[in-house]
Amino acid sequence: MAKLQIMKCRDLGFNDDFIVIEQDREAAKKKMMEHILEKHKEEFEILSEMHQEEIRAKMDFLLTRGCGCGVKEL
């Protein structure tokens, strides 16, 4: 079965309802970063490098947790 990678922008601390749904984890992370840099660029860039890295690390966490929130088997 294929696993879908699901990640919500709101789960990363941004105030919108954008959701990424991809089969590939790296593609999901790339699409989310593109969204963040397009829609939340100013907000993201004022964060310290440490906080930016925390957001990237949280993406990995969200896409690997087994509760069904980040990875969905079809």
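Here, the structure is the one placed above.
Nothing here was measured: the structure is a model prediction, and the numbers come from that model. (Residues numbered from 1 in each chain as written. Predicted model: local features only at pLDDT ≥ 70, side-chain atom pairs only at ≥ 80, totals over all residues. Heavy atoms only, no water.)

This part is about the packing of helix α1 (residues 25–39) against helix α3 (residues 49–64). Interhelical geometry of α1 versus α3 gives an angle of 140 degrees and a closest axis separation of 11 Å. Relative to α3, the element α1 is oriented oblique. For the element pair α1 and α3, the recorded crossing hand is right-handed. Of the residues in α3, those touching α1 at Arg 25, Ala 28, Lys 29, Met 32, Met 33 and Ile 36 are Ile 55, Arg 56, Met 59, Asp 60, Leu 63 and Thr 64. (Axes fitted to C-alpha atoms, helices over the stretch in contact; angles between N-to-C directions. Helix = DSSP H or I, 4+ residues; strand = E, 2+ residues; numbered from the N terminus. Parallel < 35°, antiparallel > 145°, perpendicular 65-115°, else oblique. Left-handed = near helix turned anticlockwise from the far one by under 90°. Contact = heavy atoms within 4.5 Å.)

So, about α1. An α-helical turn contains 3.6 residues, so any two residues separated by three or four positions project in the same direction. Between its first and last C-alpha atoms α1 spans 21 Å; for 15 residues at 1.5 Å apiece the expected length is 21 Å, and the two agree. Along α1, the residues classified as buried are Ala 28, Lys 29, Met 32, Met 33, His 35 and Ile 36. Relative to the axis of α1, the buried residues are bounded by an arc of 160 degrees and lie together on one face. Exposed residues pointing more than 90 degrees away from the buried face of α1 are listed as Lys 30 and Glu 38. In this structure, the buried residues of α1 make contact with β1 (3–8), β2 (19–22), α2 (41–45) and α3. Between a side-chain oxygen at the N-terminus of α1 and the backbone nitrogen of Glu 26 the separation is 3.2 Å; the capping residue is Asp 24. (Expected span 1.5 Å × (residues − 1). Buried < 20%, exposed > 50% of the residue type's maximum accessible area, 1.4 Å probe, protein only. Arc of directions from axis to C-beta. Polar contact = N/O pair within 3.5 Å; in protein donor to acceptor, adjacent residues only side chain to side chain.)

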